[in-house]
Amino acid sequence: MKITETVRQFAEPVVQAHGCSLWDVEYVREGADWFLRLYIDKPGGVDINDCEAISRAVDPILDEKDPIPDSYSFEVCSAGLERVLKRPGDFAQFMGSMVLVRLYQPKDGKKEIVGTLAGYDDGAVTLAIGGETVRFEKKEVALVRLYVEF
């Protein structure tokens, strides 16, 4: 089982006990260092106190379970307004929302397209853009995230 799935299994009940939901678990290398990050969310938004409380609650469990043999930094973060959508449930939750789709290869000269999320089918994403619908196949899509205009 992947590290992220192992951590998700024991972190999710702790996060929920603090009134939040676990959006994502990430284990990534940045430069020479490794980071384990929990991304959390809750209605009305997450604040620093939520992140701190969950960090304090999960940290001893990480020490006890020891899912990662190497040295790493542990962080608890807000999922953020422009969060990445990964799982089918993420797409279902934000159907009808503005999203940015980043493509591997430019399409009509663009690698990033903004539109309203109109469909999701096993990795393929459909956007409504100016009265038209455009479908992007799974193999074309590098990333999909919520899009907020400021």
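Residues numbered from 1 in each chain as written. Predicted model: local features only at pLDDT ≥ 70, side-chain atom pairs only at ≥ 80, totals over all residues. Heavy atoms only, no water.

### Focus: the overall build of the protein chain
Just so we agree on the cut-off: For helices the rule is a DSSP run of H or I covering at least 4 residues; for strands it is a run of E covering at least 2, with both sets numbered from the N terminus onward. We call a residue buried when its accessible area falls under 20% of the maximum for its residue type, exposed when it is over 50%, and partly exposed in between, using a 1.4 Å probe and counting protein chains only. In this description, contact between two residues means that some pair of their heavy atoms is separated by no more than 4.5 Å.
In terms of regular secondary structure, the protein chain is built from 3 helices and 8 strands. Secondary structure elements of the protein chain, listed N to C terminal, follow the sequence α-β-β-α-β-α-β-β-β-β-β. Principal-axis analysis of the C-alpha atoms places the extent of the protein chain at approximately 50 × 35 × 30 Å. Buried residues in the protein chain amount to 37% of all 150 residues. Nonlocal contacts in the protein chain, meaning residues at least 24 apart in sequence, comprise 50% of its contacts between residues at least 6 apart.

### Topic: helix 1 (residues 3–17)
Helical periodicity: at 3.6 residues per turn, an α-helix aligns residues three or four positions apart in one direction. Rules: The span one expects for a helix is its residue count, reduced by one, times 1.5 Å. For a residue, the bend is simply the angle between two axes, fitted respectively to the seven-residue segment ending there and the seven-residue segment starting there.
Relative to the 21 Å expected for 15 residues at 1.5 Å per residue, helix 1 spans 22 Å between its end C-alpha atoms, a close match to the ideal helical length. Roughly 40 degrees is the biggest bend found in helix 1, and it falls at A11, with proline P13 one to four residues downstream. Where helix 1 is concerned, the buried positions are T4, V7, R8, F10, A11, V14 and V15. Looking at the buried residues of helix 1, the elements they touch are strand 1 (21–30), strand 2 (33–41) and helix 2 (48–65). Trailing helix 1 by a residue or two, G19 shows a phi angle of about 80 degrees, which is positive.

### Here's the deal with helix 2
As a reminder of what qualifies: Whenever two N or O atoms come within 3.5 Å, that pair is a polar contact, provided that in protein one can donate a hydrogen and the other can accept it, and provided that, for residues adjacent in sequence, both atoms are side-chain atoms.
An ideal rise of 1.5 Å per residue puts 26 Å on 18 residues; helix 2 measures up with 25 Å between its terminal C-alpha atoms. Of all the bends in helix 2, the greatest, near 25 degrees, is centred on V58, and the proline P60 appears no more than four residues after it. Within the sequence span of helix 2, burial applies to D50, C51, I54, V58 and L62. Where helix 2 is buried, its residues touch helix 1, strand 2 and strand 3 (73–78). Between the side-chain oxygen of the N-cap and the backbone nitrogen of N49 there are 3.0 Å, and the N-cap of helix 2 in question is D47. Downstream of helix 2 by a residue or two, D66 has a phi angle that is positive, lying close to 50 degrees.

### What about the pairing of strand 2?
Counted only if it meets this: A pair of strands is labelled paired if DSSP reports no fewer than 2 bridges between them. With the strands pointing away from the viewer, any crossover whose connection runs clockwise from the first strand over the helix to the second is right-handed.
Judged by how many residues are buried, strand 2 sits mostly within the fold: 7 of 9 residues are covered. Here strand 1 runs beside strand 2; their pairing, made up of 9 bridges, is antiparallel. Pairing of R29 across the sheet is with W34, part of strand 2. Count of turn residues in the strand 1/strand 2 antiparallel hairpin: 2 residues, of which G31 carries a positive phi of about 65 degrees. Judged from the 6 bridges that link them, strand 2 and strand 3 form a sheet pairing that is parallel. Of the residues in strand 3, the one forming a bridge with Y39 is C77. Chirality of the crossover, the property in question, places the unit of strand 2, helix 2 and strand 3 among those that are right-handed.

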